[in-house]
Amino acid sequence: MEGPWRKAYVSVNLDVDEDGVPHPRLIRWPNGREFPIDQLKEKCRAASTRVSGGGIRYTVLIRGKEAFLFQEGNKWFVEAKPS
């Protein structure tokens with residue numbers, strides 16, 4: 001049986017458009033692994049269903065798989081799978 005999901009804070013490279021709207025382009029884990037964001041599918045205010053917290057939720061495609069990236073104030077996190 002899988003253990004609980006965890007909140008993993010990550011670094012995010014992003015572009016900011018002329019209206020000041022951020023567009024995430026790459027997620028970087030603390031261990032240095034990088035995951036380019038292939039597509040931004042949706043952006044909305046939402047809470048995480050797997051871990052505590054929420055804010056602006058970006059639904060992104062990474063390597064063909066859908067994932068959620070959350071902007072919580074000035075910090076960014078993902079819902080990390082149990083190991």
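Keep in mind that what you see is a predicted model, and the values were worked out from it rather than measured. (Residues numbered from 1 in each chain as written. Predicted model: local features only at pLDDT ≥ 70, side-chain atom pairs only at ≥ 80, totals over all residues. Heavy atoms only, no water.)

(A) Geometry of the sheet that holds strand S5 (residues 54–62). Strands sit in the order S3-S2-S1-S7-S6-S5-S4 across an open sheet of seven strands; the sheet is antiparallel. One side of each edge strand has no neighbouring strand; the edge strands of this open sheet are strand S3 (34–36) and strand S4 (39–47). The mean inter-strand angle of the sheet, taken between neighbouring strand axes irrespective of direction, is 40°. Pairing between strand S2 (residues 22–28) and S3: three bridges, direction antiparallel. Residue pairing in the sheet places Leu 26 in a bridge with Pro 36 of S3. (Pairing = 2+ DSSP bridges. Helix = DSSP H or I, 4+ residues; strand = E, 2+ residues; numbered from the N terminus. Axes fitted to C-alpha atoms, helices over the stretch in contact; angles between N-to-C directions.)

(B) Here's a closer look at the nonpolar core. Counting residues in hydrophobic clusters, the biggest one holds 14 residues, and the most contacted among them are Val 10, Ile 27 and Leu 69. Mapped by element, the contributors of at least two residues to this core are strand S1 (6–16), S5 and strand S7 (75–80). For this core, the leading source of residues is S5, giving four residues. (Core = buried A, V, L, I, M, F, W, Y, C linked by side-chain atoms within 4.5 Å. Buried < 20%, exposed > 50% of the residue type's maximum accessible area, 1.4 Å probe, protein only.)

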